[in-house]
Amino acid sequence: MSDIAERVKKIVIEHLGVDAEKVTENASFIDDLGADSLDTVELVMAFEEEFGCEIPDDAAETILTVGDATRFLEKNAAQA
Amino acid sequence: MFDLTGRYALVTGATGGIGGAIARALHAQGATVALSGTRREALEALAAELGERAHVLPANLKDEAAVDALPGEAEAALGGLDILVHNAGVTRDNLFLRMKDEEWAEVIAVNLAAGFRLYRAALKGMMKRRYGRLIGITSVVGVTGNPGQGNYAASKAGLIGMSKSLAAEVASRNVTVNCIAPGFIESPMTDALNEKQRSGALERIPAGRFGVGPDVAAAAVYLASGEAAYVTGQTLHVNGGMAMI
């Protein structure tokens, strides 16, 4: 697992308070990890802070799973 | 109770009668305050009166970019932002049939749209820190209506509806969103009333007097406090009994 994937996973675990084994690449924040819509906004804020990048609203809407977040950040993170 | 030591507050319209009283009261409870308004000199005079824990952040709420930036500037100047009081408000009264587009637009822009922008910009930090108090100063006429104030009443009613919606969204993050609806309060806005309007208004106030800034400020202190954590989406009417809603 890449460094970015590890950091994404850690943020998701911390923020949503879920077990590590549930945070798989294909896990959907809302359907599998119990996030509500506000949680997803907060997750995006946490990613922005951790990786020092801006995630525009239209991109944020496409980040539905743990893998989506990792792939987006691998392309766009400033402090990878 | 109602200790605000270590809390950071931004008050818009802080040079006005009500805004100044709110800033003084939050400061007296221990908060560090950022005073915003259009008149720099008046803000600086108030800051000098308060002494320590007071910052001046002039801003024109008709300027959207300035409004968007204001909460961030307050956060930078204060070191945080826990309490935001959107108190700034303007009136451009006119009979509905004669109301100009500009009179409508200006009142909505300052009283309502600036509130939306300020809250949106302040929310991120508040949600992250799991503490926030958003307080909108609305008006009794936002609930009752008032002839000649179609624009003003719409803006104040809008603030109430906006606050309730946001309150529902962020309650789980320990961010509360409430309104205070003053009735007739001694201020530059009510100084503009003529004698007949004043006496007419007094007849409708069971308390037999106009309110004063500190009457409203006490409500703001309460809603800003940790003690009010379980109060959200509410409108606290401070009007001497003129409308019991």
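Residues numbered from 1 in each chain as written. Chains lettered and ligands numbered in written order. Predicted model: local features only at pLDDT ≥ 70, side-chain atom pairs only at ≥ 80, totals over all residues. Heavy atoms only, no water.

- Per an unreviewed UniProt entry, chain B carries the name 3-oxoacyl-[acyl-carrier-protein] reductase and comes from Hansschlegelia beijingensis.
- Here chain B is described in UniProt, under the heading Subunit (unreviewed entry), as follows: "Homotetramer."
- Quoted verbatim from the Sequence similarities (unreviewed entry) heading of the UniProt record, the comment on chain B is "Belongs to the short-chain dehydrogenases/reductases (SDR) family." (UniProt positions renumbered as here; feature names shortened; annotations may be inferred.)

- An unreviewed UniProt entry lists chain A under the name Acyl carrier protein, with Hansschlegelia quercus given as the organism.
- Taken directly from UniProt, the Subcellular location (unreviewed entry) text for chain A runs: "Cytoplasm".
- On record in UniProt, under Sequence similarities (unreviewed entry), the comment for chain A is "Belongs to the acyl carrier protein (ACP) family."

1. A look at the overall build of chain A
Step number 1: Summing up its helical and strand segments, chain A has 4 helices and 0 strands in all.
Step number 2: Secondary structure elements in chain A, listed N-terminal to C-terminal, are α-α-α-α.
Step number 3: Whereas a compact globule of 80 residues would reach a radius of gyration of roughly 12 Å, chain A reaches 11 Å, a difference of no more than 12%.
Step number 4: When its C-alpha atoms are laid out on the principal axes, chain A stretches across 30 × 25 × 20 Å.
Step number 5: The burial tally for chain A puts 48% of its 80 residues in the buried class.
Step number 6: Taking contacts inside chain A between residues at least 6 apart in sequence as the whole, the part at least 24 apart equals 59%.
Step number 7: By element, 46% of the accessible surface of chain A is carried by carbon and sulfur atoms, the whole surface being about 4,500 Å². (Helix = DSSP H or I, 4+ residues; strand = E, 2+ residues; numbered from the N terminus. Rg over C-alpha atoms; globule rule 2.2 N^0.38 Å. Buried < 20%, exposed > 50% of the residue type's maximum accessible area, 1.4 Å probe, protein only. Contact = heavy atoms within 4.5 Å. Areas by Shrake-Rupley, 256 points an atom, 1.4 Å probe, with all protein chains shown as cover.)

2. Regarding the pattern of salt bridges
Step number 1: On inspection of all chains with the given rule, the structure shows 22 salt bridges over all chains.
Step number 2: For the salt bridge of B:Lys124 with A:Glu48, the shortest nitrogen-to-oxygen distance reads 3.6 Å. Here the residue B:Lys124 occupies a position in helix H4 (residues 101-129), and A:Glu48 occupies one in helix H2 (residues 37-51), the pair thus bridging two chains.
Step number 3: In this structure A:Glu48 comes out as buried when scored by relative accessible area, which is 15%.
Step number 4: Salt bridges linked by common partners bring A:Asp36, A:Asp39, A:Glu42, B:Arg130 and B:Arg173 together as one network. (Salt bridge = Lys/Arg side-chain N within 4 Å of Asp/Glu carboxyl O.)

3. Remarks on the UniProt feature "active site" (unreviewed entry) in chain B
Residue and element names in this part refer to chain B.
Step number 1: In the numbering used here, UniProt assigns the "active site" (unreviewed entry) feature to Tyr-152.
Step number 2: When you line up the elements, Tyr-152 lands in helix H6 (residues 150-170).
Step number 3: When sequence neighbours within four positions are dropped, the list of residues in contact with Tyr-152 reads Val-90, Thr-91, Val-107, Asn-111, Ser-139, Val-141 and Met-189.

4. Some remarks on the UniProt feature "domain: Carrier" (unreviewed entry) in chain A
Step number 1: Following the UniProt record, the feature "domain: Carrier" (unreviewed entry) maps to residues 2-77 of chain A here.
Step number 2: Note that residues 2-77 of chain A is 58% helix and 0% strand, and that its end C-alpha atoms are spaced 13 Å apart.

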